[in-house]
Amino acid sequence: MTTFGPASLSHPVGDVPASRQDGDPFLLLDDADEWPAFSRRLQAGAGAAGKEGAGTGTGTLWESTVVFEGMHCAACAGTIEEALRRVPGVRQAEVSAASHRGRVVWEEGATRPSKWMRAVLGTGYRPVPAHDAFASERRRAETRKMLWRMGVAGVCMMQVMMYATPTYFTAPGEIEANTVHLLRWAQWVLSIPVVLFSCTPFFRNAWLDLKLRRISMDMPVALAMLITFIVSTLGTFEPEGVFGHEVYFDSLTMFVFFLLTGRWLELRLRDRTAGALEALMHRLPDSVERQEAGGAWQRVAVRRLRVGDVVRVLPGETFPADGLVLRGQTLVDEALLTGESTPLARGEASRVIAGSHNLAAPVEVRVEQVGDGTRYAQIVALMETASTSKPRIARLADRMARPFLVGVLLAAGGACAWWWPQDPGHALMITVAILVVTCPCALSLATPAAMLASAGHLARGGVLVRRLQALEAAAAVDTVVFDKTGTLTRDAFVLEAVRTREGVTREQALALAAWMARGSLHPVSRAIATHAAAEGVRVPAEWPANWHEAAGQGVSAQAPAGSAFAQGDLRLGSARFCGVPSHATSGLASHLSDDEGWLATFELTEDLRADAVTTVAALRQAGVQVRLLSGDRPEAASRLGQAAGIDDARGGLAPADKLSALQEAQQGGRRVAMVGDGLNDGPVLAGANVSFAFGRAVPLAQAQSDFVVLGEQLKSVAFTLRQSRKTMRVVRQNLAWAAGYNAVGIPLAMMGWMPAWAAGLGMAASSLLVVLNALRLSSTGLEGVTEH
């Protein structure tokens with residue numbers, strides 16, 4: 001895709017003359033071939049319209065993920081959202097102050113990426129496609145520049161303190177006036193580099209705020225710096241004047257140094273909280289060896305791969321697409337994609353997934369899925385959605401940020417007016433302390449910083465968070481409801497026996513059942529289709545007429561034309577769905593029927609997952625009630641429930657019955673989490689307070705759930721609930737600290753008991769402590785969930 005080099009966005013794009021617009025990097029992103037690299041296509045029509053933005057279009061909708069460089073606070077996020085929503089054709093815009101990422105839904109026929117990106121650039125923030133190759137390079141350059149600013153401020157601060165210290169330890173008159181004046185001049189000279197170089201980002205952002213008639217965190221900070229320098233300069237040049245009583249160059253350099261240090265550490269810590277997302281997004285290689293028509297190998301860009309291409313992946317490289325191994329034996333690492341920490345063996349006829357690492361030997365792979373069709377792309381899309389979503393508490397903090405800043409300016413002005421008659425210099429320094437100490441950063445970061453850190457940690461454990469708000473809901477869960485088939489039990493079944501009516505052979509019944517089951521993702525359907533393929537049973541090639549799947553019950557279709565043993569409407573599924581009595585002797589069974597009634601029964605065996613018992617025990621120990629709701633026969637559900645340690649196990653339930661049971665529990669005051677396969681339990685998952693889609697076979701884009709478990713470990717559910725509770729404890733701690741800090745700091749500053757340097761230290765420390773506290777959420781591993 002198109003990449004933006006370090007200097008490509010160094011000038012305001014909107015000011016480029018028309019004759020030079022060919023050099024506009026944003027125009028390159030108007031090429032539709034570039035969109036899939038940072039966007040995904042939504043449905044045609046006005047699906048997202050009406051929620052935000054004006055108008056309802058009929059063109060194709062695209063959802064783009066963008067990184068916004070230059071953000072610092074919740075007010076910044078609000079400014080960007082407002083700028084985007086004013087662009088005609090933009091239907092939705094949501095920006096996270098914690099991750100600096102945003103989600104933009106726009107209509108293809110009404111706007112182009114260059115238009116809404118220019119709108120953001122006009123507000124002073126630089127929009128970059130989420131997968132831009134130069135993003136990390138620019139971030140490193142910005143970090144180096146920030147270190148230089150911090151270093152200059154630190155060195156000058158120490159020298160200024162050296163010249164300011166004598167006046168602190170001597171009584172008035174002990175040092176000659178000329179010497180005091182000389183010391184002030186030295187401090188003034190050393191403060192100039194701090195003001196002209198280290199303070200530049202604050203002044204630049206504040207000036208832009210003034211031009212655009214808005215307010216952000218940098219406005220009160222820059223105002224405080226400017227007031228301090230001007231007052232101290234007047235005191236230096238006119239020692240007998242109104243402000244000549246004292247100078248504050250030491251306070252100025254100290255709080256500039258503290259602010260820059262806090263911002264730099266906050267940036268580093270934020271990068272750590274988003275580490276899992278970054279590791280996933282930049283996991284694919286830039287290029288790979290592809291076999292050309294003549295058999296030679298040529299290295300090509302990954303975006304040029306097509307289905308059917310043969311590629312060679314060397315040891316240490318990442319698989320660029322989903323595919324089938326044609327030649328070679330190796331070990332692969334799928335830890336970030338499936339949660340499986342052990343390297344897996346992959347040989348000929350084995351499938352590999354995009355984003356997994358080749359560890360051992362070269363292999364040749366035929367590409368089966370590329371781009372958005374890969375599971376890797378679906379995982380990244382889910383994580384991007386989570387990184388840009390805003391929890392309810394964070395939305396409230398964002399709405400409060402701008403009025404809070406306005407209140408800070410008014411409070412500072414009022415305090416200045418109150419103290420001015422006594423001592424104008426002291427009054428201005430009280431104003432400075434108020435402007436610096438009252439920063440909403442800690443408040444705006446309290447919730448999203450913790451939730452993003454937790455979402456990243458869960459991702460490393462094989463659990464994807466679709467919505468950050470779900471972490472808050474999961475923390476309150478006191479009841480977990482499991483589905484049986486493919487959830488508590490292993491995803492794969494073994495066909496043990498086939499019983500048929502008179503005149504129908506085993507091979508005929510199996511062929512007909514496999515023909516109907518091949519369009520279903522239900523574990524029983526997959527087991528029948530897989531077994532038929534393994535036995536070499538010939539299945540009709542045409543797609544079944546009138547094929548339909550009833551979620552959690554079975555599939556129906558029209559019998560194939562010319563069939564000698566099946567007539568009319570066919571049904572494959574539960575006995576209740578097929579309208580026949582159960583012909584199974586024991587265990588799990590799927591039935592096949594036609595217009596004449598029962599046609600065949602397929603008996604399958606299933607086993608509990610290895611960690612089912614320990615997971616149920618862990619949930620109970622955490623005070624969570626566990627239930628089992630299944631569409632299978634009551635006796636089968638009861639038997640499996642006893643094996644897993646679940647006392648409340650019910651069977652023979654249709655999806656509507658499961659939903660009724662769930663709603664009954666909710667009406668009784670229970671907070672319910674539903675664990676199912678993500679497709680067949682769709683209505684029940686939607687009705688639960690929190691939902692988990694479990695199993696590797698679930699299409700991630702279709703899974704209607706709050707959490708998606710990528711691997712095969714059932715204890716991921718207990719891990720998620722435990723992590724959610726810990727997350728909300730950290731969120732409450734962060735909010736209490738942020739509120740308490742402002743409640744104590746503001747009165748102290750208004751009473752003149754807090755010097756400017758202490759205000760700067762407090763401001764930097766407040767945001768830093770919030771982010772550090774959030775990082776504690778990355779310390780609990782999945783392996784600790786089932787330990788008692």
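Draft legend 1. Layout of the overall build of the protein chain. Scanning the protein chain from terminus to terminus reveals 25 helices and 27 strands. The buried share of the protein chain, reckoned over its 788 residues, is 56%. A separation threshold of at least 6 residues defines the contact pool for the protein chain, and within that pool the share at least 24 residues apart is 69%.

Draft legend 2. Here's a closer look at the sheet that holds strand 10 (residues 330–333). Read across the sheet, three strands follow the order 11-10-13 without closing on themselves; strand pairing throughout is antiparallel. Since the sheet does not close on itself, it has two edges, and those belong to strand 11 (344–346) and strand 13 (357–358), each with one partner. With three bridges joining them, strand 10 and strand 11 adopt antiparallel strand pairing. Looking across to strand 11, one finds that Val332 is bridged to Leu344.

Draft legend 3. View of the side chain of Thr727. Inspection of the secondary structure puts Thr727 in helix 24 (residues 715–750). Overall, the relative accessible area of 0% leaves Thr727 in the buried class. Not counting residues within four places of it along the chain, the set of residues in contact with Thr727 comprises Ala450, Met451, Ser454 and Leu777.

Draft legend 4. A look at the sheet that holds strand 20 (residues 569–573). Strands sit in the order 17-22-21-20-19-18 across an open sheet of six strands; the sheet is antiparallel. Looking along the sheet, the strands with just one partner apiece sit at the ends: strand 17 (494–500) and strand 18 (548–550). Taking the axes of each pair of neighbouring strands and ignoring which way they run, one obtains an average angle of 20° across the sheet. The pairing of strand 19 (residues 554–558) with strand 20 spans five bridges and is antiparallel. Paired with Ala557 across the two strands is Leu570, which belongs to strand 20. Seen against the sheet, helix 17 (residues 506–517) touches strand 17, strand 19, strand 20, strand 21 (588–594) and strand 22 (597–605) and runs at an angle of roughly 85° to strand 20.

Draft legend 5. Representation of the pattern of salt bridges within the structure. Under the definition given, this model contains 22 salt bridges. Notably, a salt bridge pairs Asp309 with Arg290, separated by 3.5 Å at the nearest N-O pair. Note that Asp309 is positioned in the loop between strand 7 (297–301) and strand 8 (310–313) and Arg290 in strand 6 (residues 287–291), a separation of 19 residues in sequence. The class for Asp309 is buried, based on a relative accessible area of 18%. What makes Arg290 buried here is its relative accessible area of 17%. Members of the salt-bridge network, linked through shared partners, are Glu289, Arg299, Arg312 and Glu317.

Draft legend 6. Just the environment of Trp420, in detail. Residue placement: Trp420 occurs in the loop between helix 12 (392–419) and helix 13 (424–437). For Trp420, a relative accessible area of 39% gives the class partly exposed. Residues Trp420 and Ile430, spaced 10 residues apart in sequence, show a C-alpha to C-alpha distance of 10.0 Å.

Draft legend 7. Highlighting the packing of aromatic side chains. Under the defined criterion, the tally for this structure stands at 12 aromatic pairs. Considering the side-chain rings of Trp188 and Phe237, the 5.4 Å spacing of their centres and the 90° angle between planes classify their relative orientation as edge-to-face. Of this pair, Trp188 sits in helix 5 (residues 177–198) while Phe237 sits in helix 7 (residues 218–237), and the two are 49 residues apart along the sequence. Exposure remark for Trp188: the relative accessible area of 19% places this residue in the buried category.

What counts and what doesn't
Residues numbered from 1 in each chain as written. Predicted model: local features only at pLDDT ≥ 70, side-chain atom pairs only at ≥ 80, totals over all residues. Heavy atoms only, no water. Helix = DSSP H or I, 4+ residues; strand = E, 2+ residues; numbered from the N terminus. Buried < 20%, exposed > 50% of the residue type's maximum accessible area, 1.4 Å probe, protein only. Contact = heavy atoms within 4.5 Å. Pairing = 2+ DSSP bridges. Axes fitted to C-alpha atoms, helices over the stretch in contact; angles between N-to-C directions. Salt bridge = Lys/Arg side-chain N within 4 Å of Asp/Glu carboxyl O. Phe/Tyr/Trp six-rings, centres within 6.5 Å; stacked < 30°, edge-to-face > 60°.

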